[in-house]
Amino acid sequence: MIPPGRMARLSRALPYWLSLGLIPMAMIAAWFGGWALLLLPAYGWGMFSLLDALTGLDTDNADPSTTEADLFWYRLLTMIWVPAQIALLFGMIWWVGASDHLNGWEKIGLFFGVGVATGTVGINYSHELMHQRNRIERWLADILLASVLYSHFRSEHLLVHHRYVGTARDAVTARYNEGFHRFFPRVLRECWHSAFRAEAALQARRGRGWWHRSNPFWRYWALQAFFLAMAALLGGWVGIGLFLYQASVAIWQLELVNYIEHYGLTRKHLGGGRYEHVHPRHSWNAAQKASNWLLINLQRHSDHHYKPDRRFPLLQHHDPQEAPQLPHGYHVMTMAAMIPPLWRRVMNPRVRQWRRQHYPEITDWKPYSKALNPLPR
């Protein structure tokens, strides 16, 4: 157990600050073009995958009673990233319009890298911020999500995913044998609608129509419109196109992670639309140290579902018998997910073993694999 005094040290938090290295990588790529455009994906994916092999696993746990004051350097990181990302995104849109040394393909390559940053780091940090009770942090989450045109993710994640994970009502619980190329268009279609329905139902319970000003979708739409206008002002139609492109890359990054986090892991149906409670066994975890630096412990996903508002430095590692572990970090596993035959070869035997270990009494898995069980009440 890591004591609060050690957690409060800047040296303990510094490895997580490596994410800020994406900013100078983007600046170098924009200045030189050519092969330098590989710096962003190489840094965001390749370097941390290599560091995973060198640094090994991190199974140490911080004291959950560590105070907010002791987490200053961790909280500061997630808040600093917000203005850094906005400056990076719109600075790059201005730069490609003001300079003439990048050709069309180089501009596309540059904004692919920007999307890696806004997705791998930006959306992930928004996930941390949206779970906090502080209104400022929630607003910062909304700003990050609006900059990739995925604002509804906050409503879908908080009101749908955490409540219905592992059931047919949760779109982002990837089904057994469902390849990412089928999963991705399905969640793009279903999640917006489920998020809107959840917010409309919340308004209805308060005796209001969905159009009431307290519906956060008004804020989502306003922020997204503002960022689109900024892109148009700084870069015209090309700026809008590049803005949309980086957003699509960021969303792809998010949904790749969503895909691997719960693939094939379903909660037991108890009858009549009732399901068992969420347990650590209903999320895939990974203990690779460097990936957890970049992803701010998102790979400790079981503990996140147990205590959703627990700040990332305090998320706990669970024993592999209690919480299933992936064979590699999220970076490597998302790459594998892009090749469905490889993914199934690696993960389907693990899902079947998980079923035998935790649910030996279930003999017919088809309703779980095909999402045919009744929707939860």
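The structure under discussion appears in the preceding block.
Residues numbered from 1 in each chain as written. Predicted model: local features only at pLDDT ≥ 70, side-chain atom pairs only at ≥ 80, totals over all residues. Heavy atoms only, no water.

## Concerning the environment of serine 283
No. 1: Along the chain, serine 283 turns up in the loop between β2 (274-275) and α11 (289-294).
No. 2: Take serine 283: its relative accessible area is 1%, and that puts it in the buried class.
No. 3: For the pair serine 283 and glycine 241, spaced 42 residues apart in sequence, the C-alpha to C-alpha distance is 36 Å. (Helix = DSSP H or I, 4+ residues; strand = E, 2+ residues; numbered from the N terminus. Buried < 20%, exposed > 50% of the residue type's maximum accessible area, 1.4 Å probe, protein only.)

## Topic: the side chain of glutamine 132
No. 1: Within the fold, glutamine 132 resides in the loop between α6 (104-130) and α7 (135-146).
No. 2: Engagement of the side chain of glutamine 132 in a polar contact is seen with the backbone oxygen of glutamate 128, the distance being 2.9 Å. (Polar contact = N/O pair within 3.5 Å; in protein donor to acceptor, adjacent residues only side chain to side chain.)

## A look at the pattern of salt bridges
No. 1: Enumeration over the complete set of coordinates arrives at 14 salt bridges.
No. 2: The partner of arginine 75 in a salt bridge is glutamate 137, with the nearest N and O atoms 3.8 Å apart. Of this pair, arginine 75 sits in helix α5 (residues 72-98) while glutamate 137 sits in helix α7, and the two are 62 residues apart along the sequence.
No. 3: Across the salt bridge formed by aspartate 142 and arginine 219, the nearest N and O atoms sit 2.9 Å from each other. Taken as a pair, aspartate 142 in helix α7 and arginine 219 in helix α10 (residues 216-261) lie far apart in primary sequence, 77 residues in all.
No. 4: Note on aspartate 142: relative accessible area 1%, which makes it buried.
No. 5: Residues participating in the shared-partner salt-bridge network are Glu68, Arg75, Glu137 and Arg311. (Salt bridge = Lys/Arg side-chain N within 4 Å of Asp/Glu carboxyl O.)

## So, the environment of histidine 301
No. 1: Looking at where histidine 301 falls in the secondary structure, it is placed in helix α12 (residues 301-306).
No. 2: Residue histidine 301 is classed as buried on the basis of its relative accessible area, which comes to 1%.
No. 3: The spacing of histidine 301 and alanine 371 is 70 residues in sequence and 22 Å in space, taken between C-alpha atoms.
No. 4: In this view, histidine 301 contacts Glu261, His262, Ser283, Trp284, Asn285 and Tyr330; residues no more than four positions away in its chain are not counted. (Contact = heavy atoms within 4.5 Å.)

## Re the packing of helix α13 (residues 330-337) against helix α14 (residues 340-358)
No. 1: At a closest axis distance of 7 Å, the pairing of α13 and α14 adopts a crossing angle of 125°. One finds that α13 runs oblique with respect to α14. From α13, Met333, Ala336 and Ala337 reach across to α14, where they touch Pro340, Leu342, Trp343, Val346 and Met347.
No. 2: For the contact of α13 with α14, the residue count by class is eight nonpolar, no polar and no charged. (Axes fitted to C-alpha atoms, helices over the stretch in contact; angles between N-to-C directions. Parallel < 35°, antiparallel > 145°, perpendicular 65-115°, else oblique. Nonpolar A, V, L, I, M, F, W, Y, C, P; charged D, E, K, R; others polar.)

## Structural notes on helix α9 (residues 180-205)
No. 1: The end-to-end C-alpha distance of α9, which contains 26 residues, comes to 36 Å, matching closely the 38 Å that a straight helix rising 1.5 Å per residue would cover.
No. 2: Along α9, the largest kink reaches about 30° and is centred on valine 187.
No. 3: Among all positions in α9, only Phe180, Phe183, Phe184, Arg186, Val187, Cys191, Ser194, Ala195, Phe196, Ala198, Glu199 and Gln203 are buried.
No. 4: Those residues of α9 that are buried are in contact with α8 (152-164), α10 and α13.
No. 5: Looking one or two residues beyond α9, the residue adopting positive phi is glycine 207, at roughly 75°. (Expected span 1.5 Å × (residues − 1). Bend = angle between axes of the 7 residues up to and from the residue.)

## Concerning the nonpolar core
No. 1: One finds Leu110, Phe111, Tyr259, Tyr263 and Trp343 to be the most contacted residues of the largest nonpolar core, which totals 95 residues.
No. 2: Looking at this core element by element, the count peaks at 15 residues for α10.
No. 3: Not counting residues up to four positions away in its chain, the partners in contact with phenylalanine 111 are Leu89, Met92, Ile93, Val96, Leu242, Tyr245 and Gln246. (Core = buried A, V, L, I, M, F, W, Y, C linked by side-chain atoms within 4.5 Å.)

## Regarding a nonpolar patch on the surface
No. 1: A surface patch of nonpolar side chains, amounting to about 550 Å² of accessible area, comprises Trp192, Trp210, Trp211, Trp218 and Trp221.
No. 2: Assignment of secondary structure puts tryptophan 211 in the loop between α9 and α10. (Patch = residues over 30% accessible without salt bridge, like charges linked within 9 Å, V, L, I, M, F, W, Y side chains within 5 Å. Areas by Shrake-Rupley, 256 points an atom, 1.4 Å probe, with all protein chains shown as cover.)

## Considering the environment of methionine 333
No. 1: On the secondary structure map, methionine 333 appears in helix α13.
No. 2: A residue is classified by how much of its surface remains accessible, and methionine 333, at 2% relative accessible area, is buried.
No. 3: Taking C-alpha positions, methionine 333 is 8.7 Å from valine 257, a pair spaced 76 residues apart along the chain.
No. 4: Dropping the residues within four chain positions of it, methionine 333 is found in contact with Ile260, Leu326, Pro327, His328, Trp343, Val346 and Met347.

## Focus on the side chain of glutamate 199
No. 1: Here glutamate 199 is to be found in helix α9.
No. 2: If we skip the residues at most four places from it in the chain, glutamate 199 touches Ser155, Leu159, Asn215, Pro216, Phe217 and Tyr220.

## Re helix α3 (residues 22-32)
No. 1: Here α3 has its buried residues at Leu22, Ile23, Met25, Ala26, Ala29 and Ala30. Across the axial projection of α3, the buried residues extend over an arc of 160°, all falling on one side. Seen from the open side of α3, the exposed residues pointing more than 90 degrees away from its buried face are Met27, Trp31 and Phe32.
No. 2: Directly after α3, the chain includes glycine 33, whose backbone phi takes a positive value near 65°. (Arc of directions from axis to C-beta.)

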